[in-house]
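Per-entry structural report
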Amino acid sequence: MTHSETHCARVAGRCNRCDTPAPFPFTMAFQPIVDVTAQHVVYYEALVRGPQGESAGSILGQVTDDLLYRFDQACRIKAIELASRLEMQESLSINFLPNAVYEPYACIQATLETAQRVGWPVNRLNFEITESERVQDRSHLRRIIDSYREMGFSTSLDDFGNGYANLDLLTDLQPDSLKIDRELVMGCNNDHRRQAILRSVVVLADNLGTKLVAEGVETREESRCLVDLGIAVQQGFYFSRPNLEALATIDPQKYL
């Protein structure tokens, strides 16, 4: 029996487990991901926050196991609605929990309906895979990625190079992009070992046909080093902190 057959609450193509609002208020902050050499924002990542800007942890701490599916769906809907209201022209990246998706086509229906309602093109939606260490069934995660690609979405593997989000995942998964964890980015301009690892990641990504995004860029020196290594798409406080229900304008001097 497959993962979806065991757990899916699909009825007539819809999910009866999670098509209801979350029982507590929350909103989204948006952080830009920029192409430093092309000098423009590639997309914005939606990050959950409290209504008054409270931390993600304060919201996620309220998400019990029985609310996981509802919350995952509610986050997608909130992010798309806010992005549309803010007239975002770039692509939108939304985090998702693999264990909150049992049957990809059923669990995506509310997202598709929201996108259609506000006029958001599906090819401007990217889904970031988080907490991949909790996924025991990699074939299920591969089905999600493949299904999303068929529907016109792109996918990213978050925190690459840290913990479970490591090389072995790429034997099974084919995400469109890898987000390099802050641990490899931090101080890379002064660390030859980090530079050597990052060069290897660039070669790996090129061979796999996968794009790279460097997370957690905090200084101009880190940004310059990453560009020199071949990683031009970057995200971090150096460019902008997440903005609550708003889109940041990047200082042109941040670009190279």
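Look up: the structure comes first, before these words.
This text gives an overview of the structure that appears in the document. (Residues numbered from 1 in each chain as written. Predicted model: local features only at pLDDT ≥ 70, side-chain atom pairs only at ≥ 80, totals over all residues. Heavy atoms only, no water.)

What the chain contains, in helices and strands, is nine helices and eleven strands. Taking all 256 residues of the chain together, the buried fraction comes to 50%. Across the chain, contacts joining residues at least 24 apart in sequence account for 69% of those joining residues at least 6 apart. A total of about 12000 Å² of accessible surface is found on the chain, and carbon and sulfur atoms cover 48% of it. (Helix = DSSP H or I, 4+ residues; strand = E, 2+ residues; numbered from the N terminus. Buried < 20%, exposed > 50% of the residue type's maximum accessible area, 1.4 Å probe, protein only. Contact = heavy atoms within 4.5 Å. Areas by Shrake-Rupley, 256 points an atom, 1.4 Å probe, with all protein chains shown as cover.)

For the rest of this paragraph, the subject is the packing of aromatic side chains. Taken as a whole and judged by the stated rule, the model has eight aromatic pairs. Relative to Tyr148, the ring of Phe96 has its centre 5.7 Å away and its plane inclined at 55°; by these criteria the two rings are tilted. Of this pair, Phe96 sits in strand E5 (residues 91-96) while Tyr148 is found in helix H6 (residues 138-150), placing the two residues 52 residues apart along the sequence. You'll find Phe96 and Tyr148 in the same group, each marked buried. With centroids separated by 5.0 Å and ring planes inclined at 50°, the aromatic side chains of Phe127 and Tyr148 adopt a geometry described as tilted. You can see Phe127 sitting in strand E6 (residues 125-129) and its partner Tyr148 sitting in helix H6, a full 21 residues away along the chain. The buried category is assigned to Tyr148, whose relative accessible area is 0%. In this structure an aromatic cluster arises from ring pairing among Phe96, Phe127, Tyr148 and Phe153. (Phe/Tyr/Trp six-rings, centres within 6.5 Å; stacked < 30°, edge-to-face > 60°.)

Here the focus is the pairing of E6. Counting buried positions along E6 gives five out of five residues, so the element sits mostly inside the fold. Residues Leu125, Phe127 and Ile129 point to one face of E6 and Asn126 and Glu128 to the other, with burial holding for every one of them. In this structure, E5 lies alongside E6, joined through five bridges in parallel fashion. Bridge pairing links Leu92 to Leu125 in E6. Of the pairings in the sheet, the one linking E6 to strand E7 (residues 154-160) comprises four bridges and is parallel in character. Bridge pairing links Asn126 to Ser154 in E7. (Pairing = 2+ DSSP bridges.)

Mapped onto the secondary structure, Gln234 falls in strand E10 (residues 233-234). In this structure, Gln234 is in contact with Pro32, Ile33, Val34, Val36, Ala214, Val217, Ser223, Leu226, Val227 and Phe239, ignoring residues within four places of it in sequence.

Attention now goes to unusual backbone geometry. Although it is not a glycine, Gln39 sits at a positive phi angle of roughly 60°. Take Gln39: it is sitting in the loop between strand E3 (27-35) and strand E4 (40-49). Note on Gln39: relative accessible area 45%, which makes it partly exposed. Despite not being glycine, Glu87 has its phi angle at roughly 55°, a positive value. Mapped onto the elements of the fold, Glu87 is located in the loop between helix H3 (68-85) and E5. The exposed category is assigned to Glu87, whose relative accessible area is 62%.

In this section: the nonpolar core. The biggest cluster of nonpolar side chains holds 65 residues, and the ones touching the most others in it are Phe26, Met28, Leu92 and Tyr148. A total of seven residues in this core trace back to one element, the largest contributor, which is H3. Setting aside residues no more than four positions away along its own chain, Tyr148 makes contact with Arg76, Phe96, Val101, Pro104, Ile108, Phe127, Phe153 and Thr155. (Core = buried A, V, L, I, M, F, W, Y, C linked by side-chain atoms within 4.5 Å.)

Take the pairing of E7 next. By the criterion of burial, E7 is predominantly enclosed, with five of the seven residues buried. Direction of pairing for E7 relative to strand E8 (residues 177-180): parallel, over a ladder of three bridges. When the sheet's bridge partners are listed, Ser156 is paired in E8 with Ser177.

With that out of the way, let us pick up the layout of surface pockets. Empty space among the atoms becomes apparent when a probe as large as a water molecule is rolled across them. Counted as a void, the second largest pocket has a volume near 410 Å³. Of all the elements in the fold, those that place two or more residues in the lining of the second largest pocket are E4, E6, E7, helix H8 (192-208) and strand E9 (211-214). Of the residues assigned to the lining of the second largest pocket, the class counts are ten nonpolar, nine polar and four charged. (1 Å grid on protein atoms, 1.4 Å probe; cavity = no way out; pocket = protein on both sides within 12 Å on 5 of 7 lines; lining within 4 Å. Points joined across faces, edges and corners; volume = space filled by probe spheres on them. Nonpolar A, V, L, I, M, F, W, Y, C, P; charged D, E, K, R; others polar.)

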